[in-house]
Every structure is written in structure tokens, then in C-alpha cells.
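# Tertiary structure, described
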Amino acid sequence: MKNAQVLTVAQMQAAEQALIDAGTSVDEIMQIAGRGAAEWVWRVAAGRPVTVLCGPGNNGGDGYVIAETLRQRGDEVQIVAPITPKTDAAKNARRAYKGVLLSSGKDVTGQVLVDCLFGSGLARPLSGEHILMLRDLAKRHTVRIAVDLPSGVESDSGALLNERLPDYRLTIALGAWKFAHWRLPAREMMGDLRLIPIGVAAIEGAAQLAGKPDIPVPASDAHKYTRGLCAVVGGAMPGATLLASQAAMRAGTGYVKLLTHHLPTNPPAGLVIDQASLEDTLGDHRIASVLVGPGLGRDREADDRLAMAIDCGKPIVIDADALVLLKPGMLRADMPCLATPHDGEFEALCRAFAIVAPDRQACAFALAKTSGMVILAKGPDTLIAAPDGRLAIAPPAPSWLSVAGTGDVLAGIAASRMASGREPFDAACEAVWLHGEAARQCGPAFSADDLALAVSGAIAAAL
Ligand SMILES: NC(=O)C1=CN([C@@H]2O[C@H](COP(=O)(O)OP(=O)(O)OC[C@H]3O[C@@H](n4cnc5c(N)ncnc54)[C@H](OP(=O)(O)O)[C@@H]3O)[C@@H](O)[C@H]2O)[C@@H](O)CC1
Ligand SMILES: [K+]
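Along each chain, residues carry numbers from 1 onward, in the same order as the chain's sequence is written. Here every chain gets a letter starting at A, and every ligand a number starting at 1, in the order they are written. Per-residue local features of the predicted model are confined to residues with pLDDT of at least 70, and side-chain atom pairs are confined, for both listing and counting, to 80 or more; whole-chain, interface and lining totals are unaffected and use all residues. Side-chain metrics in this entry use all non-hydrogen atoms of the structure; hydrogen atoms and water are not considered.

To continue, consider the site of ligand 1. Near, as used in this document, describes a residue that has one of its heavy atoms within 4 Å of the molecule or strand being considered. Contacts to ligand 1 come from 21 residues, most closely from N58, N59, D62, G119 and D148. N or O atoms within 3.5 Å of each other form a polar contact, as long as, within protein, one can give a hydrogen and the other can take it, and as long as residues adjacent in sequence are counted only when both atoms are side-chain atoms. In the model, a nitrogen atom of ligand 1 is placed 3.1 Å from a nitrogen or oxygen of the A123 main chain. Where accessible areas are quoted, they stem from the Shrake-Rupley method and a 1.4 Å probe; at the residue level, only the protein chains shown are allowed to cover. In the complex, the protein chains occlude 80% of the 920 Å² of accessible area that ligand 1 would expose alone. Here a helix means four or more residues in a row that DSSP labels H or I, a strand means two or more in a row labelled E, and each is numbered from the N terminus. Those elements giving two or more residues to the shell around ligand 1 turn out to be helix 1 (9–21), helix 2 (26–45) and helix 3 (58–72).

Covalently bonding the sulfur atom of one cysteine to the sulfur atom of another cysteine gives a disulfide. A pair of cysteine sulfur atoms is labelled a disulfide when the two atoms are within 2.5 Å. Counted under the stated rule, the structure contains zero disulfides. Looking at C337, it has no disulfide partner, and the nearest cysteine sulfur is the one in C312, 11 Å off. Not engaged in a disulfide, the cysteine C429 finds its nearest cysteine sulfur in C337; these two sulfurs lie 16 Å apart. The exposure class assigned to C429 is buried, which follows from its relative accessible area of 1%. Relative accessibility under 20% of the residue-type maximum defines a buried residue, over 50% an exposed one, and the middle range a partly exposed one, all with a 1.4 Å probe and only protein chains included.

Attention shifts here to the pairing of strand 6 (residues 143–147). Taking burial as the measure, the five residues of strand 6 include five buried ones, the bulk of the element. Alternating residues of strand 6 divide into V143, I145 and V147 and R144 and A146, and every residue in both groups is buried. The pairing of strand 5 (residues 112–116) with strand 6 spans four bridges and is parallel. In the strand pairing of strand 6, V112 is matched with V143. Two strands form a pair only when DSSP identifies at least two bridges running between them.

The end-to-end C-alpha distance of helix 2, which contains 20 residues, comes to 27 Å, matching closely the 28 Å that a straight helix rising 1.5 Å per residue would cover. Downstream of helix 2 by one or two residues, A46 has phi in the positive range, about 50 degrees. Expected span of a helix, by definition, is 1.5 Å for each gap between consecutive residues, and there is one gap fewer than residues.

Let us look at the UniProt feature "domain: YjeF C-terminal" (unreviewed entry) in the protein chain. Per the UniProt entry, the sites bearing "domain: YjeF C-terminal" (unreviewed entry) are residues 207–462 in this numbering. In this annotation, residues 207–462 is assigned 40% helix and 15% strand; the end-to-end C-alpha distance for the span is 22 Å. UniProt positions are given in the numbering used here, feature names are shortened, and annotations may be inferred rather than shown by experiment.

Bringing the packing of helix 12 (residues 406–419) against helix 13 (residues 424–442) into the picture now. Where helix 12 meets helix 13, the closest approach of the two axes is 8 Å, and the angle between their N-to-C directions is 135 degrees. Taken together, the axis directions place helix 12 and helix 13 in an arrangement best described as oblique. When the axes of helix 12 and helix 13 are compared, the crossing they make is right-handed. Packed against helix 12, whose contacting residues are T406, V409, L410, I413, A414, R417 and M418, the element helix 13 presents P424, A427, E430, A431, V432, L434 and H435 at the interface. Gly is put with the polar residues, along with every residue not named as nonpolar or charged; the nonpolar set is Ala, Val, Leu, Ile, Met, Phe, Trp, Tyr, Cys and Pro, and the charged set is Asp, Glu, Lys and Arg. Grouping the constituent residues of the contact of helix 12 with helix 13 by class yields 10 nonpolar, two polar and two charged. Axis definition: a line fitted to C-alpha atoms, over the contacting stretch in the case of helices. Angles run 0 to 180 degrees between N-to-C directions. Orientation is classified from the angle alone, with under 35 degrees giving roughly parallel, over 145 giving roughly antiparallel, 65 to 115 giving roughly perpendicular, and any other angle giving oblique. Note: crossing handedness is left-handed where the near helix turns anticlockwise from the far helix by less than a right angle, and right-handed where it turns clockwise. Contact definition: two residues touch when any of their heavy atoms are within 4.5 Å.

Glancing now at the sheet that holds strand 10 (residues 207–209). Sheet architecture is open: 12 strands sit in the order 8-1-10-19-18-17-16-15-14-11-12-13, paired in mixed fashion. The open sheet is flanked by strand 8 (177–178) and strand 13 (272–274), the only strands paired with a single partner. As defined by bridge partners, strand 17 (residues 374–377) adjoins strand 18 (residues 383–385) across three bridges and the pair is classed as antiparallel. Within the sheet, the bridge partner assigned to I375 lies in strand 18 and is A385.

Attention now moves to the coordination of the potassium ion (ligand 2). Ideal values differ by geometry: the angle at a metal is 109.5 degrees with four tetrahedral donors, but 90 or 180 degrees with six octahedral donors. We call an atom a donor if it is N, O or S and sits within 2.8 Å of the metal, or 3.2 Å for Na, K and Ca. Water is not counted, so some sites may look partial. Looking at the potassium ion (ligand 2), one finds its protein donor set to be N59 (OD1), D115 (O), F118 (O), V147 (O) and L149 (O), positioned 2.5 to 3.0 Å from the metal centre. Since its relative accessible area comes to 0%, D115 is described here as buried. You can call F118 buried: its relative accessible area is 17%.

Listed below in C-alpha cells is the structure:
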């Protein structure tokens, strides 16, 4: 999988230190980052006058490099620097800048504003003076570009530390993605995202962006069992089960079998339905993954069917009603298990497993560790947390996914990827990308049925 890493501020500082230890100075790193960012500013500005707002740290230092690069190319550029540089690299970059330098933003106008006030070193909300200046300058420029991060955004959480922050046409990340680039609410104000590489190595334990997976074409001697038998456990509401099954049929597995005596109306001919007792049907040694939850219901029978689905010991995806019925002690310690809760189900799981943590990400980690399940906390800000501490963040998916049944489709895709041999964390990463891609291919205002049918197209995009 071509997953990019997403770093905390501490990890970014360690990565920068590793570059310094290997012989690149902070000034050289700032030149690489600043000149890389200047390329994008130059393209967006397209000859229009540029104002660079510079703060006291190295984010401000990047701003001096950007301004000097543009000035040398003949662009009209001015710097507003309400605070003098505090770091040596920023002081050096300011010394090297030979253009217009203003200490106040009062009455400053222009076309393109480049925000280099604060980056990953922002430690607290902007003062009244600074937030007013930022808002005023933002209003007096047509296009806004943020360098590394918009000022006022907390890098590790994506929280907004001030109210009424401006929004941006473009955010240029330096060195590596930070959490705020992909987490709500921050990502909504950033516009397009670009990353300037500065030679940062892979950091052990770093979070990953769940990017486009590498889906293999079936082997030339493949048959339905080698591609994986995915067993979908049905219940009282066959519609949801059918949606999940239809998605599973299109996400790579060779054989999807629906285990239910609640027959759906008009099932597709390719879906095998087995009405025998669940105990017998789950005993099939060829089953490669089990999906339980979509359409299961919450009655007594549902409890029994969930317990049987878990007890058969196969890699399992637990979704929907099954997440509300799940209790600690039902899971075996070593079983590959993926839970796919939406916010309400996530809260129910946290209550059931007595998880208390300060935020959603910390809760997902604690829940994964306590339960042994990989947790795919789905929604507009999807996170995937594994018991061993791995974390993946989903790139934004179309908001048209906010329609009934799309969660069943996601669970079906994940179960299909697990039947194809993926362990739960990788299956979850692949599933969120395929789900988002299927939605993109559907266009606007689709139904969950349309989405399930579009999964084949998403697979095609990932071959
Ligand atoms: N790491 C890398 O690999 C690379 C990093 N690079 C760049 O460096 C940036 C990080 O630099 P940085 O650490 O100097 O932080 P930055 O955001 O410029 O400001 C910190 C300064 O602001 C101050 N301060 C904080 N909050 C404040 C507030 N609310 N109001 C007022 N002051 C406040 C704080 O001082 P404090 O008062 O907290 O002691 C400190 O003086 C990063 O985003 C990227 O652009 C690239 O050049 C190349 C590769
Ligand atoms: K900034």
C-alpha cells in the first residue's frame, strides 16, 4: 500500500534532528522547504502581488525564504512581520531578504496572502492583536495560502485554537503530513494540499494515511476458494445483509455465502444462500472470513448468532447491531477481528469496554488495546486503530456517503478484503479507500445500492 506517513510535532522534530545529525543544517532545510513552497506560491500568484506574513519561529523563516525567492524572480512582494525572528535560522533568512519589510499589517493590501505566522510550533491561541491582524489581512487579499499549517491550527489534533480563522485556497505542508492536514475541523479550511519533501525518512510507529491500495489481479490458477470464501451472517433485516453481501461480492473475494433463514427478496444469482443451521454452516473449514452485524437485529436470536459467529474462530468483521450486542469476554484474545463502528456504535462499545480517554483517537486506541480488535471508527473523520498501536487516517471521502446503508457496504468490502487474505488493519485501510473511491465514481446523490455496485470500479482503479 502506498501510504504516506502522518507525523506528530514531536516526530517531525525528531525527523528534522535526524537530517541535522546526518549533516544538513537547519538553514539548508529551511532553504529546501521555503524554495519548494515558493514554487507553489509563484504558480498560484501568477504575477499578482504577494504579501507574506512572517512570525517569530521557523515558519516565519520559511516566509522570508519564500519572499526572497519570489523577489529574485521579479515578483512584487512585501513582508509583514509583527514579531521579530527568534530562531537563528529565521534570523539568517530575514538577513538574506532584500525586499520591502513592514512591522504592521495596518492598511496593507495585496492579491495573494502567504501565512507564515505560525506553523507546527503554535503553542496557544493567537493573541487578540495577532488574530485581528490575520483576519484583516485575509480580508484584504483575494487568495490565501498557508505554509505548513494555517496559523491558529493545532498540528497534532486538527483543533482550531481561535474562532473565525480565515480559510485558504492552498496549504503547503513541509517535510511530512501532520495530523491537522487530514483531521477535522482543520482540513476543511486548508483548500488544496501539497507536500514539499525535504528528505524525511520513514519514522517507526508513525501514523499512515490510508492511501490507494495495491490490489492484485487473481493468479492465473485462482479459483473461488483460493480467492477466499466470505460468510455473511444474516438476521432479521435482510436488506442490510444483502447490501453488505453485494459489496463483498465486488471487493475481491471469490465466493460470498449468505448464512440466513431470513430470505432477501430478489437476491443476485451469484450470491449463494445457505439456510441450514448456523452452527453447521459456520463449520465449513473453507470459510476465510465472517461478517456479522448488518441486518442482524438485536433480538435473542441475534445474540446467539453473534456468539456463534465469534466462536467459529475465523477472521471476523463485526458491524452495526453486532457492535451494540458485543460484550467483553465474548472475543478470543488471538482472533483477527475488525470492528467498524459509526459514532453511536463507537460510544456504545466504549461504554461496554469501560473506555475513558480524552478524545476520539485516544478512545479508539484504548478500545483496540483493551478489546484486541482493530477499530475502524467511521464517519467524516475516519480513524483506524490497531491493538499494537498502529494508526491510519482516511483521506476525505465524498459527503454524499451520508446516506443509509453505506456503512453496510463498507463492512462488506472489509470482510471481502479479509477473505482475500488481508489482516484486519490492512483490510480496514483498503476498505476505506475503496469505499471512498466507489463514492467518487458514483457522483452525487447515489443510494447504497449504487455504491455497492460501484465497488468493482473502485477495485479497477486500484489494480
Ligand atoms: N521541523 C522541520 O523539519 C521543518 C520545519 N520547518 C518550519 O518550521 C516550523 C516550525 O518551527 P517552530 O518550531 O519554530 O514553530 P513556529 O510555528 O514557527 O513558531 C514558534 C514560535 O512562535 C511562538 N509562539 C507559539 N505560539 C504562539 C502564539 N500563540 N503567539 C505568539 N507566539 C507564539 C513560539 O515561542 P513561545 O512563545 O511559545 O516560546 C516560537 O517562538 C514548521 O511549521 C515549518 O514551517 C521548515 O522550515 C523545514 C522543516
Ligand atoms: K502558517
